[in-house]
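Chains, contacts and geometry: an overview
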Amino acid sequence: MLEGPKVSQSELAKRFGVSQPQICRIIKNKERILSEWQRSGDPERKRKREGKDAALEAALLRWVEGARAADLPVGRPLLQLRARHLAGALGRPGLKPSGGWLARVAAFKKPPSEKGDAEQPPAEHWADAVLPTLLHSYAPSEIFCCGEAVVPLPAGCPGERLTLLLCANASGSEKVPLRALGESPRPRCLRGVNLEQMPWSYRAGGLTALLFAEWLREFNEGMQRQGKSVLLLLAKHEAHPYLQLSNVRMFFVPPAAALAQPLDCGITGDLKGHYQRRLLRWLPAERGAGQPTLLDVLHMLAQAWGDVSPELIASCFRAAGFIPDAGAEAASLSPVRGPLGREQLEHGGEPAEADGDEGMAEGEDAAELAAVPPCPSEREVWRSLATLRRYLECQATSPDLFQAFYELEDVVHMVSAG
């Protein structure tokens, strides 16, 4: 309008409903205003509003641009998490980013594709070109895949279901301990339990970017302790933030190929089958207890996760195309195992002979016979196991101790079932 036919400043003021001095200032600063408008990421922006911390805003903008360049989701929870992290790095740990400020940062320099449906690379291109290049850079033991699964809770537990975070490598040699997310913030059954030494972990609430980022950092620390650099494949989700980690390279599977992930090819189903089997064999009358608590369920899930065989995990990775094809035929998926057989107790050898009275000498003192303790009942055995488990829950120094306890519990169940 300023370049067109000459119009008086008073006429412009009346037309736009502003004062004449304001029009005068705009004309005087015309070049500077146009320059700043052209540098703005949003051409429809009408107001110039600067943040309270220019250094923090610039650092957060650089991170947002990098995330969008990698085609990663940028939601408000993730922005808030990243803003707090950057504020701490810049020496401002007490900063609390407001929702309005985060919204302006998210809208800054928004690419046109985000206003509509973002274009995604076809699944064929990802499977034929991108994935093989990634897989040939890592050994099967260094390729991990993670995802979520939902399992129901029995009656009497707080809430109706648990969300499980599952993660395993392509060779099946390493299964990351389960992370369970439930509705109860402070379950009474977990009081007094040394949670840091359990073969599982529990958090309250649903899956969020904050909780997943916490898990990612713990996973990275675990790989760091092992001296391994690994590839982590996962689906794109607003609760799956992208983090730059020292020993874990994250790569998001395109949505079109999400259904072909290894967890969906049989791993999750096998875990749920083992969990249901353990729930069904919980006999309150035999154990002298009521319905299983949340603590019992968490131990059952840890046992069920241990029951998922490495062979099945490797075959699921192979079926999803997440293992380089070496020309060998893919192993068939193992079926969900049923109740354990008694022959597993014998380990290929002859069962030990039961102690009897054959070796007793004639005329043995009746007092010595009376001193022999009687065979405990099944209820007494299960109560003893419950006492032992509680001792480990309070005093265990390593999660590996529970693997030996789980094996002992399975042996007792097989003996009582036989």
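Residues numbered from 1 in each chain as written. Predicted model: local features only at pLDDT ≥ 70, side-chain atom pairs only at ≥ 80, totals over all residues. Heavy atoms only, no water.

In the nomenclature of an unreviewed UniProt entry, the protein chain is known as TIGD3 protein of Onychorhynchus coronatus.

Quick look at the overall build of the protein chain
When you go through the protein chain residue by residue, the secondary structure sums to 15 helices and 6 strands. A total of 418 residues make up the protein chain; the buried ones form 36% of that total. Look at the contacts in the protein chain between residues 6 or more apart in sequence, and 66% of them connect residues 24 or more apart. When the accessible surface of the protein chain is split by element, carbon and sulfur atoms take 53% of a total near 24,600 Å². (Helix = DSSP H or I, 4+ residues; strand = E, 2+ residues; numbered from the N terminus. Buried < 20%, exposed > 50% of the residue type's maximum accessible area, 1.4 Å probe, protein only. Contact = heavy atoms within 4.5 Å. Areas by Shrake-Rupley, 256 points an atom, 1.4 Å probe, with all protein chains shown as cover.)

What about helix H14 (residues 378-395)?
The end-to-end C-alpha distance of H14, which contains 18 residues, comes to 26 Å, matching closely the 26 Å that a straight helix rising 1.5 Å per residue would cover. Every buried residue of H14 is listed here: Trp382, Leu385, Arg389, Leu392 and Glu393. The buried residues of H14 occupy an angular sector of 100 degrees when projected down its axis, which confines them to one face. Exposed and facing more than 90 degrees away from the buried side of H14 are Thr387 and Tyr391. (Expected span 1.5 Å × (residues − 1). Arc of directions from axis to C-beta.)

Some details on the pattern of salt bridges
What the rule picks out here adds up to 12 salt bridges. Here glutamate 218 ties to arginine 203 by a salt bridge, and the two come within 3.7 Å at their closest N and O atoms. With glutamate 218 in helix H8 (residues 209-226) and arginine 203 in strand S4 (residues 200-204), this residue pair connects regions lying 15 residues apart in the sequence. The partly exposed category is assigned to glutamate 218, whose relative accessible area is 34%. On the accessibility criterion, arginine 203 (24% relative accessible area) is partly exposed. (Salt bridge = Lys/Arg side-chain N within 4 Å of Asp/Glu carboxyl O.)

Focus on a nonpolar patch on the surface
Together, Leu388, Tyr391 and Leu408 line one region of the surface with nonpolar side chains, adding up to about 290 Å² of accessible area. Locating leucine 408 in the fold gives a position in helix H15 (residues 401-417). Note on leucine 408: relative accessible area 38%, which makes it partly exposed. (Patch = residues over 30% accessible without salt bridge, like charges linked within 9 Å, V, L, I, M, F, W, Y side chains within 5 Å.)

Some words on the side chain of threonine 268
Mapping threonine 268 onto the fold places it in helix H9 (residues 267-280). Residue threonine 268 is classed as buried on the basis of its relative accessible area, which comes to 11%. Residues in contact with threonine 268, not counting those within four places in the same chain, are Ala149, Leu166 and Leu263.

With respect to the confidence of the model for the protein chain
Low-pLDDT stretches of the model should not have their predicted coordinates read in fine detail. Overall, the prediction assigns the protein chain a mean pLDDT of 76, with 69% of residues at 70 or greater. Low pLDDT (under 50) marks residues 109-120, which in the prediction has 10 contacts with non-local residues, meaning those over four places away or in another chain. Confidence drops under pLDDT 50 across residues 326-362; counting only partners more than four residues distant or on other chains, this segment forms 32 contacts. (pLDDT = per-residue confidence, 0-100.)

Some words on the packing of aromatic side chains
Here a ring pair, both rings aromatic, is described through the centre-centre distance and the interplanar angle of the planes. In total, this model carries 6 aromatic pairs according to the counting rule given. With centroids separated by 6.2 Å and ring planes inclined at 45 degrees, the aromatic side chains of phenylalanine 402 and tyrosine 406 adopt a geometry described as tilted. Of the two residues, phenylalanine 402 and tyrosine 406 both sit in helix H15, 4 residues apart, roughly one turn of that helix. For the pair formed by phenylalanine 402 and tyrosine 406, the shared burial category is buried. A connected cluster of aromatic rings, assembled from ring pairs, spans Phe144, Phe212, Trp215 and Phe219. Between the NZ or CZ atom of lysine 175 and the centre of the ring of tryptophan 305, over which it lies, the distance is 5.8 Å. (Phe/Tyr/Trp six-rings, centres within 6.5 Å; stacked < 30°, edge-to-face > 60°. Lys NZ or Arg CZ within 6 Å of the ring centre and 35° of its normal.)

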